[in-house]
Amino acid sequence: MAVGIIVCIIFVIVAALMMTRKLPALLAMPVLAVSIAAVAGMPLKGGEENIFSTVLSSGALKLANNYVIVIFASWLAQMMYKTGVTDTMIKKAAELGGDKPVVITLLLSAVSILLFSSMGGVGAVSMVGSTVLPILISIGIKPMAAAHLFLAAMSAGYCIRPANMASIVTIFGIELSDLTVVAWILLAAEVIYLLIYLAVYMKKNGKKYAFAALADENGDEDLGGISREKKVTGIRGLLACMTPLLIVVLTFVFKVDPIPCFIIGIVWLMIFTYRGSWSKYVSMVTESCYNGIHDAAPPVILMMGIGMTLNAVSASITQAALLPFMQVVTPTTLVGLLIFCCVLSPLSLYRGPFNVLGLGACLATCILNVGNFPAVVLAAVFYCTFRWPAQACPTATQVVWTSNFVKCEPVTLTNKVLIPNWIETAVTIVVVGLIYSMAL
């Protein structure tokens, strides 16, 4: 029991350091992992389980499959941007909307959802956001509202993104297909959230039908700064724009693993976007790979720390020390679990204990090892809490970039949607928890 209390104190200290930005998450996770292992009595070296081999060496490689997924996803995102596919999809959506701000906003949101179902990371957010946000602002949407709409669309796409789902699958030891239902429920919930937000905004601010667009030297519209030269056209261009949809279909319909999905997506994109000099095109593909690795570096480093934490917490030495404490504090009924998660879901912010790509990896593993609930139910519930910080955590890189783009503080931006996100998260936790528990 004493070990559990000490671990909780360490947990709170590390969380406080992260929330006050004294310690970044990529450093906090290894510190937490080593601290928990040391408190539990794990030796530095020697024996079947030790800090050097079990926590640091094996832990850093525990989520290796996910690193590769993230890298391939970032590579594909860079290629879509450099070939003009991303800009073409956004531009066509804006053109189809004509002079109706509501229609334009909905079309841009739909395209953003589709793009972020395969793309991810701050690099992808900046690529898409630097085009979508100026268009939304130019049609009369206030900057902060445009940011909220963009982040909601991004979060909706993230709900069905194979790379995100793969992280949950690895942590809880389940199959990717086990998350299909919760992924689509979260997508639907986020779309409903976006529609309600847009309806409330339009009711308060009135409908505007003047589409403000800049003109280039030839008198053509330049929608949000999109270059006319950077686009794909014709049947090949249409097929290239279907790349994100191809990833979704391969994942959910044909049950293809994420890594082959993204490799197929890259090859598909190459087939339908190649033109001109082969050597220049190959150079672009290579450069996209390098830039993708650069974009993937932060989440990869973070996942190494998460793997260390998972190994530290799941080690038999640690479990024996923590079990008495966890048996006391862990809910024993489904209703108790749902109330527990609904009330404390704001702790998913700041990489807190309900964010599985943060301190939540530790809490989820501890609850799982108590054995009161099936892994698939816990995975589904924790995936619901995982959605919130993707959309509205002040420390999330995509939120920081977006808030900087519209010139406001991240905390100011996220506080505006704190209660709506809490409500959405609580509703999805209850719905998903009941569906998954009844299915077992």
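See the structure printed just above.
Residues numbered from 1 in each chain as written. Predicted model: local features only at pLDDT ≥ 70, side-chain atom pairs only at ≥ 80, totals over all residues. Heavy atoms only, no water.

**Observations regarding the overall build of the protein**
When you go through the protein residue by residue, the secondary structure sums to 21 helices and two strands. Computed over the C-alpha atoms, the radius of gyration of the protein is 22 Å, within 12% of the 22 Å expected from 2.2 N^0.38 for a compact globule of 440 residues. For the C-alpha atoms alone, the extent of the protein along its principal axes is close to 75 × 55 × 45 Å. Counting every position in the protein, which comprises 440 residues, the buried fraction comes to 54%. Look at the contacts in the protein between residues 6 or more apart in sequence, and 78% of them connect residues 24 or more apart. Approximately 18,000 Å² of the protein is accessible, and the part contributed by carbon and sulfur atoms is 69%. (Helix = DSSP H or I, 4+ residues; strand = E, 2+ residues; numbered from the N terminus. Rg over C-alpha atoms; globule rule 2.2 N^0.38 Å. Buried < 20%, exposed > 50% of the residue type's maximum accessible area, 1.4 Å probe, protein only. Contact = heavy atoms within 4.5 Å. Areas by Shrake-Rupley, 256 points an atom, 1.4 Å probe, with all protein chains shown as cover.)

**Remarks on helix α14 (residues 278-314)**
With 37 residues, α14 ought to run about 54 Å at 1.5 Å a step, and its terminal C-alpha atoms sit 50 Å apart, in line with that. Taken as a whole, α14 carries its principal kink of about 45° at Ala297; the proline Pro298 stands between one and four residues after it. (Expected span 1.5 Å × (residues − 1). Bend = angle between axes of the 7 residues up to and from the residue.)

**Re the layout of surface pockets**
Take a probe with the size of a water molecule and roll it over the atoms, and the empty space left behind shows itself. In this model, the largest pocket occupies a volume close to 960 Å³. In terms of lining residues, the largest pocket is bounded by 38 residues, among which Leu302, Arg351, Ala396, Thr397 and Gln398 are the most central. Taken together, the elements giving at least two residues each to the lining of the largest pocket come down to α2 (25-39), α4 (64-82), α7 (121-138), α9 (162-172), α14, α18 (375-392) and α19 (397-405). Top element by residues in the lining of the largest pocket is α14. It accounts for eight residues. Residues belonging to the lining of the largest pocket are distributed by class as follows: 23 nonpolar, eleven polar and four charged. The computed volume of the second largest pocket comes to approximately 570 Å³. Contributing to the lining of the second largest pocket are 21 residues, with Tyr193, Ile196, Tyr197, Val417 and Pro420 lying nearest its centre. Mapped by element, the contributors of at least two residues to the lining of the second largest pocket are α8 (143-159), α10 (180-205) and α21 (418-439). At nine residues, the largest contribution of residues to the lining of the second largest pocket is made by α10. Partitioned by chemical class, the residues of the lining of the second largest pocket number 15 nonpolar, two polar and four charged. (1 Å grid on protein atoms, 1.4 Å probe; cavity = no way out; pocket = protein on both sides within 12 Å on 5 of 7 lines; lining within 4 Å. Points joined across faces, edges and corners; volume = space filled by probe spheres on them. Nonpolar A, V, L, I, M, F, W, Y, C, P; charged D, E, K, R; others polar.)

**Considering a nonpolar patch on the surface**
A contiguous nonpolar surface patch, about 910 Å² in accessible area, is contributed by Val181, Leu418, Ile419, Trp422, Ile423, Val427, Val430, Val431, Leu434, Ile435 and Met438. It is α21 that contributes the most residues to the nonpolar patch, ten residues altogether. Turning to its location among the elements, Leu418 is positioned in helix α21. Classification of Leu418 as partly exposed rests on a relative accessible area of 30%. (Patch = residues over 30% accessible without salt bridge, like charges linked within 9 Å, V, L, I, M, F, W, Y side chains within 5 Å. Salt bridge = Lys/Arg side-chain N within 4 Å of Asp/Glu carboxyl O.)

**Focus on the packing of aromatic side chains**
What the rule picks out here adds up to 14 aromatic pairs. Where Phe72 meets Trp75, the ring centres are 6.0 Å apart and the plane angle is 20°; that geometry is what we call stacked. Residue Phe72 and its partner Trp75 are both found in helix α4; the two are separated by three residues, about one turn of the helix. Relative to Phe252, the ring of Trp184 has its centre 5.2 Å away and its plane inclined at 65°; by these criteria the two rings are edge-to-face. (Phe/Tyr/Trp six-rings, centres within 6.5 Å; stacked < 30°, edge-to-face > 60°.)

**Some thoughts on helix α11 (residues 234-241)**
Turning to α11, its buried residues number three or more, namely Gly237, Ala240 and Cys241. Looking down the long axis of α11, one finds its buried residues gathered within 100° of arc, a one-sided arrangement. In this structure, α11 carries Ile235 and Leu238 as exposed residues pointing more than 90 degrees from its buried face. For α11, the elements touching its buried residues are α5 (85-96), α12 (243-252) and α13 (258-273). (Arc of directions from axis to C-beta.)

These figures capture arrangement, not role.
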